[in-house]
Amino acid sequence: MVRCGAAALRKYSNFIDNLRVYVRGGTGGMGYPNLGGEGGRGGDVWFVARERTTLKSIREKYPHKRFIAGTGANSSVKALKGEKGKDREVHVPLGISVLDDDGKQIGELNAAGEKFLAARGGLGGSLATNFLPCKGQRRTVHLDLKLIADVGLVGFPNAGKSSLLSKISHAKPEIANYAFTTIQPELGKIMYADYKQISVADLPGLIEGAHANKGMGHRFLKHVERTKQLLLVVDISGFQLSTKTQFRTAFETILLLTKELELYKEELVTKPALLAINKMDLPCAKDNLDKLMTQLENPQDFLHLLEEEMIPANTLEFREVIPISTYTGEGIEELKACLRKSIDEQAEQVNEEYRKKKLLLLQTSKEQVNRGWHS
Ligand SMILES: Nc1nc2c(ncn2[C@@H]2O[C@H](COP(=O)(O)OP(=O)(O)OP(=O)(O)O)[C@@H](O)[C@H]2O)c(=O)[nH]1
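Quantities reported herein were computed from a predicted structural model and do not represent experimental measurements. (Residues numbered from 1 in each chain as written. Predicted model: local features only at pLDDT ≥ 70, side-chain atom pairs only at ≥ 80, totals over all residues. Heavy atoms only, no water.)

### A word on a nonpolar patch on the surface
Here is step 1: A contiguous nonpolar surface patch, about 270 Å² in accessible area, is contributed by Leu35, Val77 and Leu80.
Here is step 2: Positionally, leucine 80 belongs in the loop between β3 (66-68) and β4 (88-92). (Patch = residues over 30% accessible without salt bridge, like charges linked within 9 Å, V, L, I, M, F, W, Y side chains within 5 Å. Areas by Shrake-Rupley, 256 points an atom, 1.4 Å probe, with all protein chains shown as cover. Salt bridge = Lys/Arg side-chain N within 4 Å of Asp/Glu carboxyl O. Helix = DSSP H or I, 4+ residues; strand = E, 2+ residues; numbered from the N terminus.)

Structure (structure tokens):
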């Protein structure tokens, strides 16, 4: 049964991942015609990425959502070159894309301390402008948040994503026996004995037909874009959203999830993926698992089980398939180990590619120097 509790709705209204703000650079200062003095430039508006900042806190602190930098000082006898106006810094969360009003991305802030010039201050008055100052740049921009996590949990409602997140991390998501309990992304961290941490994001609301805007549509899938890997979570007994919708087996669920990812953005299905098969404590789980493993070994042979338009172009290849039960704890430690191994391998691969690129650059510049010597 699909229900949305009042508490869940409250939670939903608490989370925002998009905020529209107005930014205006400061006006320049007046020039001083008699002595040819130049007014100070207007201050700039900067977005600065800071940990522990949320879009919600920005909205609460600045309900007008207007950020205006200081005016440049006028030129005067005492100070012919007027001082620059005060810059305005706006702290934004990590993982922000800055979009203009047409939805075009104009900036990105992913690491603490990164800055983006949102609005440039106007020039001060000078001979060229008849000593009149220029106004600062002004525009409306959208701050679009995409969570940055190592692993994104992807699954249909009730698969046990929240239960899994609370089992492997210290997160305390809401868990209930009805779909859509999770209506905002939840973040948790898996801690390992050597103090390494892996961040995991539970991404809610994905259902069959999300691409056609069913349920919450693809609203939260954007958060998968910046996760390094995907962990698909499926219920071994299958999935049925309501009595009015078709029952889907675990295998069909995996195909449908793949299709939804593909329809949102094809690159998502190229991310390294693992599969957690949950609820292995249920009575028919072992038989269902045998069947599912056969299907996963030769997925092409079983694609006909789905309607043609829901068959994904490519099936996902899982680095690991781990049967688990968040009730009994079966497979949980193995899953944590597999995630760690997979993330470490990916980091190693990225380092290796970086080393190769650097080596290539070094070789090319050496060859260029040698050619210079010989010509
Ligand atoms: N039998 C069994 N039930 C489980 C297991 N894990 C979770 N459940 C139950 O499945 C239901 C859904 O669990 P959740 O963790 O809320 O699932 P979810 O995928 O986060 O669901 P949404 O919030 O709707 O996205 C709850 O009643 C859980 O108690 C499991 O390993 N075995």
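So that's the structure; there's more coming.
### Things to note about the sheet that holds strand β8 (residues 138-145)
Neighbouring strands of a sheet are bound in pairs by backbone hydrogen bonds; such pairs are parallel or else antiparallel.
Here is step 1: Pairing in this open sheet of 5 strands is mixed, and the strands run β3-β1-β8-β5-β6 from one edge to the other. On the outer flanks of this sheet lie β3 and β6 (105-109), each paired with one strand and no other. Each strand axis lies, on average, 25° off the axis of its neighbour in the sheet, ignoring direction.
Here is step 2: Alignment of strand β5 (residues 96-99) against β8, held across 4 bridges, turns out to be antiparallel. (Pairing = 2+ DSSP bridges. Axes fitted to C-alpha atoms, helices over the stretch in contact; angles between N-to-C directions.)

### Structural notes on the pairing of strand β12 (residues 229-235)
Here is step 1: Counting buried residues along β12, 7 of its 7 residues qualify, which places the element largely inside the surrounding structure.
Here is step 2: Taking every second residue as pointing to the same face, both faces of β12 are buried, with Gln229, Leu231, Val233 and Asp235 on one and Leu230, Leu232 and Val234 on the other.
Here is step 3: Strand direction decides the pairing type here: strand β9 (residues 151-154) and β12, joined by 4 bridges, are parallel. In the strand pairing of β12, leucine 153 is matched with leucine 231.
Here is step 4: Examined bridge by bridge, β12 and strand β13 (residues 273-278) share 6 bridges and lie parallel to one another. Bridge assignment links leucine 232 to a residue of β13, and that residue is leucine 275.
Here is step 5: Between the parallel pair β12 and β13, the chain is carried across by helix α4 (residues 250-264), and the sense of this crossover is right-handed. (Buried < 20%, exposed > 50% of the residue type's maximum accessible area, 1.4 Å probe, protein only. Right-handed = clockwise from strand over helix to strand, strands pointing away.)

### Quick look at the packing of α4 against helix α5 (residues 285-297)
Here is step 1: Packing of α4 against α5 brings their axes to within 9 Å, and their N-to-C directions diverge by 40°. Accordingly, the angle class assigned to the pair α4 and α5 is oblique. Judged by residue contacts, Ala250, Phe251 and Ile254 of α4 engage Leu292, Gln295 and Leu296 from α5.
Here is step 2: Residues belonging to the contact of α4 with α5 are distributed by class as follows: 5 nonpolar, 1 polar and no charged. (Parallel < 35°, antiparallel > 145°, perpendicular 65-115°, else oblique. Contact = heavy atoms within 4.5 Å. Nonpolar A, V, L, I, M, F, W, Y, C, P; charged D, E, K, R; others polar.)

### Observations regarding the confidence of the model for the chain
Here is step 1: Looking at the chain as a whole, the pLDDT averages 87, with 90% of positions reaching at least 70.
Here is step 2: For the stretch residues 1-13, pLDDT sits under 50, and the model shows 25 contacts to residues farther than four places along the chain or on other chains. (pLDDT = per-residue confidence, 0-100.)

### Some words on the sheet that holds β4
Here is step 1: Read from one edge to the other, the open sheet built from 3 strands follows the order β4-β2-β7, with strand pairing classed as mixed. Of all strands in the sheet, those bounded by a partner on one side alone are β4 and β7 (115-119). Across the sheet, the mean angle separating the axes of adjacent strands is 30° when strand polarity is ignored.
Here is step 2: Sheet analysis places strand β2 (residues 45-49) next to β4, joined by 5 bridges and oriented parallel. Looking at β4, one finds that alanine 49 is bridged to valine 92.

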